[in-house]
Every structure is written in structure tokens, then in C-alpha cells.
Amino acid sequence: MAKTKPGKKDLDSYSIKGTNKVVRVGDCVLMRPSDSDKPPYVAKVDRIEADHRNNVKVRVQWYYRPEESVGGRRQFHGAKELFLSDHYDFQSAHTIEGKCIVHSFKNYTKLENVGPEDYFCRFDYKAATGGFTPDRVAVYCKCEMPYNPDDLMVQCEGCKDWFHPICMGMTIEEAKKLDPFLCSDCSSEDDAKRTF
Ligand SMILES: [Zn+2]
Ligand SMILES: [Zn+2]
């Protein structure tokens, strides 16, 4: 009779050692980097499996930080921005050091407080080509930049576009005091109407 190799067993969850945190398939986790000076890696757990010796491995889909992408970090990238890559790996479950939440861009901008475990993702990233999906995003302000949720923007009552106070030549405090806020184009139009 042929001997069957002791098989691998899929698990539903894994408890992070020394914590009461339970990781389930689909959760986002922080993984200890080999270089302890670096921030933790962020990944989505795709599969959890144990071998016959009960060594637990996780199959993860990596999130890339902007600085790890081919194009590097750009001005419009948020501090907590991540890209969901098409890069998968098997890792020992021991390298999981905590859990985190990767929000959609829309939900992230609605958070009252951004905690250390909060991240957001608005782009998928192809690790081999450095390509992003979507490859176009809406741009705002005179500087025609995509929205960086870390930078305050004010909406013009006239054209409904969003602006960085600094691009309008004012401080954040000055912009907040203007209620309603009108961008330079709309306020000059406004002046023109008043003169007539
Ligand atoms: Zn701007
Ligand atoms: Zn305007």
C-alpha cells in the first residue's frame, strides 16, 4: 500500500503569540521586517495552513508602501497609503506582529481619528511592471494634484473645486476663516459681478 505524505491542513484562524489577537483569512496584518529599523510589512492574509508538525504558515498578498514602488513616493501619497500588489508569498505565521485595518480611500477620509493601525489603499499595484490600477485619478487645485488626505483642502463655493490654502497664497488658518471660501478665479468673477 502506498504511503501518503502527511498533508497540510488549512486553518480558519491563528492567534498571535503573546496577544489575544486572532488572525483570520482576509485580515490585514503587520509582519516583522528582517531589518528591525524598517516599518513593519503590511499584508492581507489569503490562507493559513499547518503542516504535520503544526508549523503554521500564512499565504499573504503584500501591500507596498509608496517608497517600495517603482515610481517611489510622490507628493500626493498619504503617510498611511498602501498599494495592494499582485505579489504573494508564504511566510511563517511567527512573523505576524499585529493586525491593522486597510480602509478604502473614501472611508479613510471620513475617519475622525487616524490610529496607528489605520491605513488606506486606492491603487492596485503590479509588482513586475510597476503599473497602477486605476492609472488615472481626479486632480484638484491649481497644482493639479490628486488628493492627499494628509493635506487640508478647502472647497470653493463657486466652482466646487478643492484647493490647498498654500497654493492660494494663504495659511490654513486664513482659509478656514473664509466662509464661504472662493478661489482666486471665482472671487475675481464675483468682484466683476458686483461692479456691474
Ligand atoms: Zn495645490
Ligand atoms: Zn472657484
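The protein appears in an unreviewed UniProt entry as Phd finger transcription factor from Solanum tuberosum. Regarding the protein, the UniProt comment filed under Sequence similarities (unreviewed entry) reads as follows: "Belongs to the SHL1/EBS protein family." The heading Subcellular location (unreviewed entry) in the UniProt record of the protein holds the text "Nucleus".

K.L.:
Please provide a residue-by-residue account of the UniProt feature "domain: PHD-type" (unreviewed entry) in the protein, values included.
P.N.:
Annotation from UniProt places "domain: PHD-type" (unreviewed entry) at residues 138–189. Across residues 138–189, the secondary structure splits into 23% helix and 8% strand, with the terminal C-alpha atoms separated by 25 Å.

K.L.:
Help me get a handle on the UniProt feature "domain: BAH" (unreviewed entry) in the protein, residues and values and all.
P.N.:
Sequence positions flagged by UniProt for "domain: BAH" (unreviewed entry) are, in local numbering, residues 21–136. End C-alpha to end C-alpha, residues 21–136 measures 38 Å, and it is 5% helix and 51% strand.

K.L.:
Explain unusual backbone geometry residue by residue, including any values.
P.N.:
Looking along the chain, the bond that leaves threonine 133 and enters proline 134 is cis, with omega of -10 degrees. Relative to the helices and strands, proline 134 is located in the loop between strand S10 (131–133) and strand S11 (154–155). Looking along the chain, the bond that leaves aspartate 179 and enters proline 180 is cis, with omega of 0 degrees. Looking at where proline 180 falls in the secondary structure, it is placed in the loop between helix H2 (172–177) and helix H3 (184–195). In the Ramachandran plot, glutamate 144 falls in the positive-phi region, its phi being about 50 degrees despite a non-glycine side chain. We classify glutamate 144 as exposed; it has 8 C-beta atoms within 10 Å. At lysine 160, a position not held by glycine, the phi torsion is positive, near 65 degrees. By the element assignment, lysine 160 lies in the loop between S11 and strand S12 (162–163). In this structure lysine 160 comes out as exposed when scored by C-beta crowding, with 9 C-beta atoms within 10 Å.

Criteria and thresholds
- Residues numbered from 1 in each chain as written.
- Chains lettered and ligands numbered in written order.
- Predicted model: local features only at pLDDT ≥ 70, side-chain atom pairs only at ≥ 80, totals over all residues.
- UniProt positions renumbered as here; feature names shortened; annotations may be inferred.
- Helix = DSSP H or I, 4+ residues; strand = E, 2+ residues; numbered from the N terminus.
- Buried ≥ 20, exposed ≤ 12 C-beta atoms within 10 Å, placed from the backbone.

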